[in-house]
Amino acid sequence: MAIKDIIVVTDLNGEQPASQVGVALAAREGAHATGLALAFEPIVPGFIAAPMPADFLQMAHDQAVSAAKKSLEKFDHYVKMAGISGETRTEEMVTGGSLDPVLRQARLTDMIVVGQDNPDDPEPMRELIIEALLFDTGVPVMLVPYISKGEFAPKKVMIAWDGSATCARAVHAAMPMLEKADDVNVVIVDKGKTFVGEPGADIATYLARHNIEVNVQVIANPQVSVSDALLNYVSEQNMDLVVMGGYGTSRFREYILGGATRDILSSMTVPVIMTH
């Protein structure tokens, strides 16, 4: 599917690498980019007996809206520099409250771009927002590492393949980028799993029908975790983009990320396109 509409969750701090990458992706694909800034108002703890002063609440509100406005000004600057179609929106939220306002905005788009949380300069509720976007929108999510320089022209792409439906959806979502890449690597981490036929032959055949040649690499019985094996490959082969499925292991709360997925998101060094 063509990517013609992108929503970028803007950062309230720093240089907004996710905004830069989202705008660069929109420019590559001829897409419309929307910057969505979240204005977080503080929770007033229920155990406080005395009512909070009205001027304090108004000040907190004004500060939240001002931070969101400044982030959108930077996003708008990137849009104008790229010469693309774009717009900005602000959604006011209560810290720790419902994420429905974000999800409603994000469900009708082709790609959601959001930055990895920076532990040295954290964004409010960022990890919960990423989980909700991934598991409750039905839209592919591109996660951008906080160390990113904001450039996005992926020539070398790694597909972390295990044959699952979530991974297949990620491949479909990334097809416009796969078609433009110079080098597509299908990487399979084999920790004793039984494959039907030659590992990776199915996706290689599928992509070949889209005129995409791939190199299939099987990492057999690695002495490290699946996530570390994938991250090592990204580093050693200088990959520019990772495509993979997102997994949840909790039977009761599906948005809880699986271990390998969480490890990738916490340690990634290049953008990751993920679906569920």
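Owing to the predicted nature of the structure, the values given are computational and were not obtained by experimental measurement.

Quick look at the overall build of the protein
Part 1: Within the protein one finds 9 helices and 10 strands.
Part 2: Considering only residue pairs separated by 6 or more positions, the protein has 82% of its internal contacts joining residues 24 or more positions apart.
Part 3: Put simply, the protein shows about 13400 Å² of open surface, and 52% of that area lies on carbon and sulfur atoms.

Side note on the side chain of Gln116
Part 1: Mapped onto the fold, Gln116 is located in the loop between β4 (111–115) and α4 (126–136).
Part 2: A polar side-chain atom of Gln116 sits 3.2 Å from the main-chain carbonyl oxygen of Ser266.
Part 3: Setting aside its immediate chain neighbours within four residues, Gln116 contacts Val144, Pro145, Tyr146, Leu265, Ser266, Ser267 and Met268.

Details of helix α1 (residues 17–29)
Think of an α-helix as 3.6 residues a turn; residues three or four steps apart then line up on the same face.
Part 1: When the terminal C-alpha atoms of α1 are compared, their 18 Å separation across 13 residues agrees well with the 18 Å that a helix rising 1.5 Å per residue should span.
Part 2: Here α1 lies mainly inside the structure; 10 of its 13 residues are buried.
Part 3: Those residues of α1 not exposed but buried are Pro17, Ala18, Ser19, Val21, Gly22, Val23, Ala24, Leu25, Ala26 and Glu29.
Part 4: The first or second residue beyond α1 is Gly30, which carries a positive phi of 65 degrees.

Examining the pattern of salt bridges
Where charged atoms from two side chains of opposite charge come close, those side chains can pair.
Part 1: Overall, the coordinates contain 7 salt bridges when judged by the stated rule.
Part 2: With a closest N to O distance of 3.4 Å, Arg89 and Glu87 form a salt bridge.
Part 3: Ionic pairing is found between Arg107 and Asp136, a salt bridge with its closest N-O pair at 3.2 Å. Note that Arg107 is positioned in the loop between α3 (100–106) and β4 and Asp136 in helix α4, a separation of 29 residues in sequence.

Quick look at the confidence of the model for the protein
Part 1: Per-residue pLDDT for the protein has a mean of 89; in total, 89% of the residues score no lower than 70.
Part 2: Segment residues 249–256 is flagged for pLDDT under 50; beyond a separation of four residues in sequence, or across chains, it makes 11 contacts in the model.

Some details on the side chain of Ser227
Part 1: Mapped onto the elements of the fold, Ser227 is located in helix α8 (residues 226–236).
Part 2: You can call Ser227 buried: its relative accessible area is 2%.
Part 3: A polar contact of 3.2 Å, which involves the side chain of Ser227, links it to the side chain of Asp263.

Let's talk about the nonpolar core
Part 1: Judged by nonpolar contacts, the single largest core of 41 residues is most densely connected at Leu38, Leu133, Leu143 and Met158.
Part 2: Among the elements that make up this core, the one with the highest residue count is α4 (6 residues).
Part 3: Once residues within four sequence positions are removed from consideration, Leu143 is found in contact with Val114, Ile130, Leu265, Met268, Val270, Pro271, Val272 and Met274.
Part 4: Among the nonpolar cores identified, the runner-up in size contains 40 residues, and Ile6, Met142, Met177 and Ile203 belong to it.

Some points on the sheet that holds strand β9 (residues 241–245)
Part 1: Read across the sheet, 10 strands follow the order β3-β2-β1-β4-β5-β10-β9-β6-β7-β8 without closing on themselves; strand pairing throughout is mixed. The open sheet terminates on both sides in strands that have one partner only, identified here as β3 (86–94) and β8 (214–220). Across the sheet, the mean angle separating the axes of adjacent strands is 25 degrees when strand polarity is ignored.
Part 2: Across 7 bridges, the pairing between strand β7 (residues 183–190) and β8 is parallel. Note that in β8 the partner of Asn185 across the bridge is Asn215.
Part 3: On top of the sheet, helix α7 (residues 201–208) reaches β6 (156–160), β7 and β8; it is set at about 165 degrees to β8, its chief contact.
Part 4: The sheet strands contacting α8 are β6, β7, β8 and β9, and the helix crosses β7 at an angle near 155 degrees.

A closer look at unusual backbone geometry
Part 1: In this structure, Met125 takes a positive phi of about 60 degrees despite not being glycine.
Part 2: With respect to the element layout, Met125 can be found in the loop between β4 and α4.
Part 3: Of the residues examined, Met125 reaches a relative accessible area of 16% and is grouped as buried.
Part 4: One non-glycine residue, Asn221, adopts positive backbone phi at about 45 degrees.
Part 5: As for its placement among the helices and strands, Asn221 is situated in the loop between β8 and α8.

Points about empty space enclosed by the protein
Part 1: Going through the model one piece at a time under the given rule, you end up with 1 cavity of 30 Å³ or more.
Part 2: Taken as a whole, the largest cavity spans an internal volume of roughly 60 Å³.
Part 3: Taken together, Val9, Thr10, Leu12, Leu38, Phe40, Glu123, Pro124, Arg126 and Ile129 make up the lining of the largest cavity.
Part 4: Breaking the lining of the largest cavity down by element, the ones donating at least two residues are β2 (32–41) and α4.
Part 5: Counted by class, the lining of the largest cavity contains 6 nonpolar, 1 polar and 2 charged residues.

Parameters at a glance
- Residues numbered from 1 in each chain as written.
- Predicted model: local features only at pLDDT ≥ 70, side-chain atom pairs only at ≥ 80, totals over all residues.
- Heavy atoms only, no water.
- Helix = DSSP H or I, 4+ residues; strand = E, 2+ residues; numbered from the N terminus.
- Contact = heavy atoms within 4.5 Å.
- Areas by Shrake-Rupley, 256 points an atom, 1.4 Å probe, with all protein chains shown as cover.
- Polar contact = N/O pair within 3.5 Å; in protein donor to acceptor, adjacent residues only side chain to side chain.
- Expected span 1.5 Å × (residues − 1).
- Buried < 20%, exposed > 50% of the residue type's maximum accessible area, 1.4 Å probe, protein only.
- Salt bridge = Lys/Arg side-chain N within 4 Å of Asp/Glu carboxyl O.
- pLDDT = per-residue confidence, 0-100.
- Core = buried A, V, L, I, M, F, W, Y, C linked by side-chain atoms within 4.5 Å.
- Pairing = 2+ DSSP bridges.
- Axes fitted to C-alpha atoms, helices over the stretch in contact; angles between N-to-C directions.
- 1 Å grid on protein atoms, 1.4 Å probe; cavity = no way out; pocket = protein on both sides within 12 Å on 5 of 7 lines; lining within 4 Å.
- Points joined across faces, edges and corners; volume = space filled by probe spheres on them.
- Nonpolar A, V, L, I, M, F, W, Y, C, P; charged D, E, K, R; others polar.

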